[in-house]
Amino acid sequence: LIAAEALTLMLPSGGYRFEVLSCLGVSMILLALLRRWPSLVLLPLALAILGLHMLLDTSSLPFPLAQILHDPRPVGSFHALYPVIPWIGLMLLGFVCGRDFQSHPRATSRWVLAAIACLAAFLTVRLSGQYGNAYPYERIASYEFFIWAKYPPDLAWLTWSLAMIFLVLAILHHYQESRALSSLPARFVATFGRVPFFFYLLHFYALGAV
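No experiment lies behind these values; they were computed from the predicted model shown.

Rules of the game
- Residues numbered from 1 in each chain as written.
- Predicted model: local features only at pLDDT ≥ 70, side-chain atom pairs only at ≥ 80, totals over all residues.
- Heavy atoms only, no water.
- Helix = DSSP H or I, 4+ residues; strand = E, 2+ residues; numbered from the N terminus.
- Buried < 20%, exposed > 50% of the residue type's maximum accessible area, 1.4 Å probe, protein only.
- Contact = heavy atoms within 4.5 Å.
- Areas by Shrake-Rupley, 256 points an atom, 1.4 Å probe, with all protein chains shown as cover.
- Lys, Arg positive; Asp, Glu negative; His and termini not counted.
- Charge placed at Lys NZ, Arg CZ, Asp CG, Glu CD.
- Salt bridge = Lys/Arg side-chain N within 4 Å of Asp/Glu carboxyl O.
- Expected span 1.5 Å × (residues − 1).
- pLDDT = per-residue confidence, 0-100.

The next thing to look at is the overall build of the chain. Looking only at helices and strands, the chain has 9 helices and 2 strands in total. When the helices and strands of the chain are listed from N to C terminus, the series reads α-β-α-α-α-β-α-α-α-α-α. Seen through its C-alpha atoms, the chain measures out along the principal axes to roughly 50 × 45 × 45 Å. The buried share of the chain, taken over its 210 residues, is 34%. Contacts spanning at least 24 positions in sequence make up 59% of the contacts within the chain whose residues lie at least 6 apart. A total of about 13,000 Å² of accessible surface is found on the chain, and carbon and sulfur atoms cover 71% of it. Each charge class in the chain was averaged separately, 13 positive and 9 negative side chains, and the resulting centres sit 13 Å apart.

Here is the structure:
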């Protein structure tokens, strides 16, 4: 993953770019070392990383280590966008949820509860306007209320995104035997979704050609 991103993004731009594939590659290496830990350890660790990473100060670390770990910003020919620390927390959370699904295949109710919990957390974080919000807002009924940070992700973005992910998982799992999901358009989307790596790399060359 790291090499593929380097070859795909470095050649057109003339500089190394540490983005989503590199971050996933590093996170998978770390996950390979942690995957045998019990979920009772990994879940609190993941939640602690996601909830507390905004308190980190990596300004004293040497460049580009600070950018790769938690401070994504372009400097010279090096560009970091997806910092490892928050995203390894998200990957650990996904790993724990996947392992739980293997043990409890009928997970629709669990995912609905997780979606409700994440939505409640989002409202708590965003309405407070304090910790976990990278961008302020003046009114709830405003465009600014829906502006959150992804690089690195703040709590507002994380809780909203996780709420939507768990909700979609619950819906798809509940209706997985329906005719709609066996239709030709649904099969096309499923095929497209099974090969994201190919299309992810391809779209950079398509954009470059355009």
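Moving on to the pattern of salt bridges. Here the structure, examined in full by the defined rule, presents 1 salt bridge. The residue D100 makes a salt bridge to R110 at a minimum N-O spacing of 3.3 Å. With a gap of 10 residues between them, D100 in helix α5 (residues 84-103) and R110 in helix α6 (residues 108-128) connect regions that are remote in the sequence.

What follows deals with helix α7 (residues 155-174). Within an α-helix, residues lying three or four positions from one another point in the same direction, as the helix has 3.6 residues per turn. The end-to-end C-alpha distance of α7, which contains 20 residues, comes to 28 Å, matching closely the 28 Å that a straight helix rising 1.5 Å per residue would cover. Listed as buried for α7 are L155, A156, W157, L158, T159, S161, L162, A163, F166, A170 and H173. Buried residues belonging to α7 abut α3 (39-52), α5 and α6.

Further remarks concern the confidence of the model for the chain. When pLDDT is averaged along the chain, the result is 89, and 97% of the positions lie at 70 or above. Helix α1 (residues 2-13) is the least confidently modelled element of the chain, averaging 74 in pLDDT, while α3 averages 96, the highest of any element.

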